[in-house]
Amino acid sequence: MNELVETSRQPVHLICDFTHRLLAASAPRLEDWRVPLSDKLGTSLWRYATDGIRVGEASLAGKGWMDAHPPEVTVLTERMDHRDLTIRAGEIVYTRIALSDGSFARLVRDGARQELA
């Protein structure tokens, strides 16, 4: 899974669904980051969450996120500039993925509406 994310042409990243620890990121995602991937791998990205991402997180259970076949969930986020990275304003789409060890990951990709640069 990590290799698929890392080689994607889309701005995507993969996190642990429960801890938000970064598992992998694509080169296009890293274009908005000002630190190397190695500095963030294995660390939680939760501290960078915008208000929109926090609201989206709180709504997951009500949208069937923990079901056997969860739907993709789209959340709206505002722009956030941190010294480490930028989150662009727009839609973010979450896809829940079961991993071979029984844990779950969340593929995070930009949605249809995204601000330009």
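**Focus: the packing of aromatic side chains**
And then number 1: For the structure on display, the rule yields one aromatic pair.
And then number 2: Seen in terms of ring centroids, Trp65 and Tyr94 are 6.3 Å apart; in terms of plane orientation they differ by 65°. Their pairing is edge-to-face. Remark: Tyr94 occurs in strand β6 (residues 90-98) and Trp65 occurs in the loop between α4 (51-59) and β3 (73-77); sequence separation between them is 29 residues. A single burial state applies to Trp65 and to Tyr94, both of which are buried.
And then number 3: When the ring centre of Phe104 is taken as reference, the NZ or CZ atom of Arg96 above it lies at 3.8 Å.
And then number 4: Geometry around Tyr94 places Arg106 over its ring, the cationic atom sitting 4.7 Å from the centre.

**Considerations on unusual backbone geometry**
And then number 1: The backbone phi angle of His20 is positive, close to 65°, even though this residue is not glycine.
And then number 2: Taking relative accessible area as the criterion, His20 reaches 8% and is therefore assigned buried.

**Structural notes on the pattern of salt bridges**
And then number 1: Counting across every chain of the model gives ten salt bridges.
And then number 2: A salt bridge links Asp84 to Lys40; the nearest nitrogen and oxygen atoms lie 3.1 Å apart. On the criterion of sequence distance, the pair formed by Asp84 in the loop between β4 (80-81) and β5 (86-87) and Lys40 in helix α3 (residues 37-40) is long-range, its members being 44 residues apart.
And then number 3: Using a relative accessible area of 7% as the deciding quantity, one classes Asp84 as buried.
And then number 4: Given the relative accessible area of 6%, Lys40 is considered buried.
And then number 5: Among the salt bridges present, the one from Asp84 reaches Arg47, with a minimum N-O distance of 3.7 Å. Highlighted residues: Asp84 in the loop between β4 and β5 and Arg47 in the loop between α3 and α4, separated in sequence by 37 residues.
And then number 6: Residues joined by salt bridges that share partners form a network here, namely Asp17, Glu57, Arg96 and Arg106.

What counts, and at which threshold
Residues numbered from 1 in each chain as written. Predicted model: local features only at pLDDT ≥ 70, side-chain atom pairs only at ≥ 80, totals over all residues. Heavy atoms only, no water. Phe/Tyr/Trp six-rings, centres within 6.5 Å; stacked < 30°, edge-to-face > 60°. Helix = DSSP H or I, 4+ residues; strand = E, 2+ residues; numbered from the N terminus. Buried < 20%, exposed > 50% of the residue type's maximum accessible area, 1.4 Å probe, protein only. Lys NZ or Arg CZ within 6 Å of the ring centre and 35° of its normal. Salt bridge = Lys/Arg side-chain N within 4 Å of Asp/Glu carboxyl O.

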